[in-house]
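Observations on the three-dimensional arrangement
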Amino acid sequence: MEIMYVYTKKCCEFGHPCNFSESAVLHVDIPPNPSLEANFIEEDLCIVGTQCSQKMSEHEVNTNSMESVSQGINHVEGGWPKSVNAENLDVTNRYKKKVEKDEHYQNSIQHLASLIDHCIKQNNATDIYQEYFEDEEVVEETEEQQTAKFINVFRDPNKVKRTATCLSWHPNSNHKLAVAYSCLEFQRAPKDMSFDSYIWDIENPCKPEMTLKPVSPLVCLEYNPKDSHILVGGSYNGQIVYWDTRSGSHPVEMSAIEHSHRNPVYKVIWLHSTGDTFSASTDGQVLWWDIRKMSEPIDRLVLDPNKKGNLEDALGAISMDFETTMPTKFMVGTEQGLVVTCNLKAQTPADKIACTYSSHHGPIYALQRNPFYPKCFLTVADWTARIWSEDIKGSSIMSTKYHKSSLLDGCWSPVRPSVFFTVKMDGTLDAWDLLLKQKNPTLSLKVCYEALYSIRVQDKGRFLGCGSRLGTVTMLEMTPGLCTLQRNEKGLVSELFERETKRGKILESKQREMFLKERSLSEQSKEVGGKLGDEEESEEELLALAEREFFEIVESCKGKDEENKREKVEDRGC
Amino acid sequence: MMKRLFTQPAVPQQQAEVEDTLKRIQSHKGVIGTIVVNGEGIPIRTTLDSSTTVLYAGLLHQLTLKARSTVRDIDPQNDLTFLRIRSKKHEIMVAPDKEYLLIVIQNPSE
């Protein structure tokens, strides 16, 4: 219904403020329509909080991963006029000769030839794309912000995600990355977890280039540095498996189960000289294999610190390092936090274990000698990374501070002696440069939200890959600042290590002096007092004394508490 | 009065010149091959083997057309005079004409 009310006003009164007055005239009365009430529900009064601020919403957008396939095209000649049959050689030749006789063709060719001539001669005269002052660019100051760029992310294509436990770069072309996937949590591997490990081409993150199908998930995987088609892997059930990429996804040969390890094989290393492999596992053995004969290991070493070859006392091995310049020695990092150096050429099994270094509180996840100064090696365990010198067995020469989350893997940079990388359980990657800062990492990057389990730097030092708990391998490129050798760097780093080694030696000698002094003092006191068999008793006495003191302190604290309470009650009472 | 006939001998001479020109281009330092392609993409003259020739002719013909149309779209008064593609291994030079294309592949020696 239309409501209309007409009124007149003088023009001179336009724009005047409105004067409202009461009137008894009712123009329109619209009564409420009770039938409409059925369309509404009465809501209880409620208290609603409001906020006078901008309303914002968060959206995440991610492009779909694009799957690309490379295909080639075969070109066939076309464009021949209808009268000419392209297959027939005579006819085509005749056609071509006819074109060549055309005047227009000849003029064109003369003209074009002069153009081309000019350019060819230009090319031959100088290189028009020559880069001048290429070598002089390195004068840049090292104060630039160090960053790393994410190049590619390789995700585990399976539904059930597994941890990427080990990475290995292809030795020559550096375009391929072999990743070993397994679930390291004891008995938590889901039933339908796939056992496959993959070789990825770094250009193609959508689909792995090759699948390796072992019988049991692989914990570690290494390319043979001499022959890039051969890979050896250590699996979760203790077997060593080896592949030849030319012969497909299935292993060429597996070690016999009876002679393999009893626990997952955590590290496999190739020996450069002979093409043999070492494997280390937490069952306490280091086995030496010849690839061609996998039925039995050539040699075995039991990591018994008592040097008796006892498997029950053996320490579980988690990491291993073998340096090509020292072919007779190798080092093993154990679950118990000790680093053991072993001698290959020892005569008796007892002599095989040369010495141990202990300072860590937990399993040593990574162990590597500095590629430039083999006397110093890096260990990554618990919440710190430490650098040791071979000569000093008591403690490390340098150590990072205790981090908030545990460090799970680390490695030196193959091009710069002072740079090493570590990864942590909270998903951060740290790059340390010993010449710049020793207390803090030079670069700290949060790669992902889950723990990072493995890291490997490519031989040229520029790219590195890190693997996470959900099987995501991230490839990063470092700034040139972290991968080009600086002036004087080798000299400075060797000075640094020597200085720290000397300091370590001095500390050690001081400690020894003090120990000897104490011993001589205690011997003297024994002679004076005449207490011979009292050593054990004094221990018990000390224990009893300690207990007594402890309870005394507890009682005194309790007493103080009660006094405080009584005072408070009295205060309140007043 | 003698009628001057347009006789045959003049044409072979120019043809011989054309032959010489093409031979000269091929003999320059670093030149790997020379191809002459007509307006339909048919290789008329080539010093490379037939499959490579077909490959180059087809692909570069299309690329030249695209390059030319690009230049002319930007400025209709302009026209493509030369196209040079420098790759890691060698340099491909294309001299376009209204009807023909002269393609030279050179390895600039450094």
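On a predicted model such as this, the values are computed, not experimentally measured, just so you know.

For chain A, the count of helices and strands is five helices and 28 strands. The contacts of chain A with a sequence gap of at least 6 include a subset with a gap of at least 24, amounting to 50%.

Attention now moves to the overall build of chain B. Helix and strand counts for chain B stand at two helices and five strands. Ordering the α and β elements of chain B from the N terminus gives α-β-β-α-β-β-β. Buried positions account for 42% of the 110 residues belonging to chain B. Summarising the internal contacts of chain B: among those between residues at least 6 apart in sequence, 37% fall at separations of at least 24. Accessible surface, chain B: about 6,800 Å² in total, of which carbon and sulfur atoms supply 56%.

This next bit is on helix α2 (residues 103–125) of chain A. For α2(A), which comprises 23 residues, the first-to-last C-alpha distance of 33 Å matches the rise-based estimate of 33 Å (1.5 Å per residue) to within 8%. Of the positions making up α2(A), those classed as buried are A:Tyr105, A:Gln106, A:Ser108, A:Ile109, A:Leu112, A:Ala113, A:Ile116, A:Asp117, A:Cys119, A:Ile120 and A:Asn123.

What follows deals with the pairing of strand β14 (residues 317–322) of chain A. Summarising burial for β14(A): six of the six residues are buried, a large majority. The hairpin formed by β14(A) and strand β15 (residues 329–334) of chain A contains six residues between the paired strands.

Residues and elements named next belong to chain A. On the secondary structure map, Ser173 appears in the loop between β2 (163–169) and β3 (176–182). In this structure Ser173 comes out as partly exposed when scored by relative accessible area, which is 34%. The sequence separation of Ser173 and Ser228 amounts to 55 residues, and the corresponding C-alpha distance is 9.0 Å.

Residues and elements named next belong to chain A. Read across the sheet, four strands follow the order β22-β23-β24-β25 without closing on themselves; strand pairing throughout is antiparallel. The sheet terminates laterally at β22 (407–412) and β25 (443–446), the two strands that pair on one side only. For this sheet, the mean inter-axis angle between neighbouring strands, taken without regard to orientation, is 15°. Examined bridge by bridge, β22 and strand β23 (residues 419–424) share five bridges and lie antiparallel to one another. Within the sheet, the bridge partner assigned to Gly410 lies in β23 and is Thr422.

Contacts between the two partners involve 36 residues from chain A, matched on the other side by 41 residues from chain B. Summing both partners gives a buried area of about 3,500 Å² for chain A against chain B, and 60% of it is carried by carbon and sulfur. The three residues of chain A that bury the most area against chain B are A:His75, A:Ile116 and A:Asn123, which together make up 16% of that side's buried surface. Along the contact surface separating chain A from chain B lie two salt bridges. For the interface between chain A and chain B, the tally reads twelve residue pairs in polar contact (both at pLDDT 80 or more). Of all the secondary-structure elements, those providing two or more residues to the side of chain A that touches chain B are α1 (89–101) and α2 of chain A. The element contributing the most residues to the side of chain A that touches chain B is α2(A), with 20 residues. Residue classes in the side of chain A that touches chain B are distributed as 15 nonpolar, twelve polar and nine charged.

Below, the discussion takes up the confidence of the model for chain B. All names here are of chain B. On average, chain B scores 84 in pLDDT, and the residues at 70 or more come to 88%. Predicted confidence for residues 6–10 stays below pLDDT 50, and this span has one contact to residues more than four positions away or in other chains. Scored by ipTM, the complex comes to 0.75, with pTM at 0.61.

In this structure, A:Asp382 takes a positive phi of about 30° despite not being glycine. Along the chain, the position of A:Asp382 falls in the loop between β19 (376–381) and β20 (384–389).

Right, let's get into the nonpolar core. A:Ile199, A:Leu221, A:Leu231, A:Val232 and A:Trp243 are the most contacted members of the largest nonpolar core, which has 24 residues in total. Going through the elements one at a time, β3, β5 (210–212), β6 (218–223), β7 (230–235), β8 (240–244), β10 (265–270) and β12 (285–290) of chain A are the ones with two or more residues in this core. Core analysis: the second largest hydrophobic core is formed by 23 residues, B:Ile44, B:Tyr100, B:Leu102 and B:Val104 among them.

Take the side chain of A:Ser255 next. All names here are of chain A. Examined against the element boundaries, Ser255 turns out to sit in the loop between β9 (253–254) and β10. Overall, Ser255 belongs to the buried group, its relative accessible area being 2%. In terms of polar contacts, Ser255 uses its side chain to reach the side chain of Ser260, at 2.9 Å. Not counting residues up to four positions away in its chain, the partners in contact with Ser255 are Gln239, Ile240, Ser260, Trp289 and Met294.

Our focus in this paragraph is helix α2 (residues 50–74) of chain B. Residues and elements named next belong to chain B. Between its first and last C-alpha, α2 extends 36 Å over 25 residues, near the 36 Å set by a 1.5 Å rise per residue. Those residues of α2 that sit buried are Thr53, Val54, Tyr56, Ala57, Leu60, His61, Thr64, Ala67 and Arg68. Lining the buried residues of α2 we find β1 (31–37), β2 (43–46), β3 (83–86), β4 (91–96) and β5 (101–106).

Take the pattern of salt bridges next. Across all of its chains, the model carries 22 salt bridges over all chains by this definition. Salt-bridge contacts for A:Lys424 lead to A:Asp430; the nearest nitrogen and oxygen are separated by 3.0 Å. Beyond isolated ion pairs, a larger network of salt bridges with shared partners links A:Glu100, B:Glu19 and B:Arg45.

In this model, chain A carries a mean pLDDT of 81, and residues with pLDDT of at least 70 account for 92%. Here strand β17 (residues 353–358) of chain A is the element of chain A with the lowest mean pLDDT, 76, and β23(A) is the one with the highest, 90.

Once that is clear, we can look at a nonpolar patch on the surface. Residues and elements named next belong to chain A. Side chains of Ile3, Val28 and Ile30 sit close together on the surface and give an oily, nonpolar patch of about 270 Å² of accessible area. Assignment of secondary structure puts Ile30 in the segment before α1. By relative accessible area, which is 54% here, Ile30 ends up exposed.

Moving on, we come to the sheet that holds β3(B). Hydrogen bonding along the main chain pairs the strands of a sheet, whether they run parallel or antiparallel. Residue and element names in this part refer to chain B. Strand order across the open sheet formed by five strands is β2-β1-β5-β4-β3, with antiparallel pairing between neighbours. Lying at the two open borders of the sheet, with one neighbouring strand each, are β2 and β3. Direction aside, the axes of adjacent strands within the sheet are offset by 15° on average. Pairing between β4 and β5: six bridges, direction antiparallel. Across the sheet, the residue bridging to Met93 is Val104, located in β5.

A cluster of acidic residues, A:Glu37, A:Glu42, A:Glu43 and A:Asp44, forms a negative patch at the surface. For A:Glu42, the position within the fold is in the segment before α1.

Glancing now at the packing of α1(A) against α2(A). All names here are of chain A. Here α1 crosses α2 at 70°, and the two axes come no closer than 5 Å. Here α1 is positioned roughly perpendicular relative to α2, judged by the angle of their axes. Of the residues in α2, those in contact with Val99, Glu100 and Lys101 of α1 are Glu103, Tyr105 and Gln106. Class assignment for the residues of the contact of α1 with α2 results in two nonpolar, one polar and three charged.

About the criteria used
Residues numbered from 1 in each chain as written. Chains lettered and ligands numbered in written order. Predicted model: local features only at pLDDT ≥ 70, side-chain atom pairs only at ≥ 80, totals over all residues. Heavy atoms only, no water. Helix = DSSP H or I, 4+ residues; strand = E, 2+ residues; numbered from the N terminus. Contact = heavy atoms within 4.5 Å. Buried < 20%, exposed > 50% of the residue type's maximum accessible area, 1.4 Å probe, protein only. Areas by Shrake-Rupley, 256 points an atom, 1.4 Å probe, with all protein chains shown as cover. Expected span 1.5 Å × (residues − 1). Pairing = 2+ DSSP bridges. Axes fitted to C-alpha atoms, helices over the stretch in contact; angles between N-to-C directions. Buried area = accessible area lost by both parts, 1.4 Å probe. Salt bridge = Lys/Arg side-chain N within 4 Å of Asp/Glu carboxyl O. Polar contact = N/O pair within 3.5 Å; in protein donor to acceptor, adjacent residues only side chain to side chain. Nonpolar A, V, L, I, M, F, W, Y, C, P; charged D, E, K, R; others polar. pLDDT = per-residue confidence, 0-100. Core = buried A, V, L, I, M, F, W, Y, C linked by side-chain atoms within 4.5 Å. Patch = residues over 30% accessible without salt bridge, like charges linked within 9 Å, V, L, I, M, F, W, Y side chains within 5 Å. Lys, Arg positive; Asp, Glu negative; His and termini not counted. Charge placed at Lys NZ, Arg CZ, Asp CG, Glu CD. Parallel < 35°, antiparallel > 145°, perpendicular 65-115°, else oblique.

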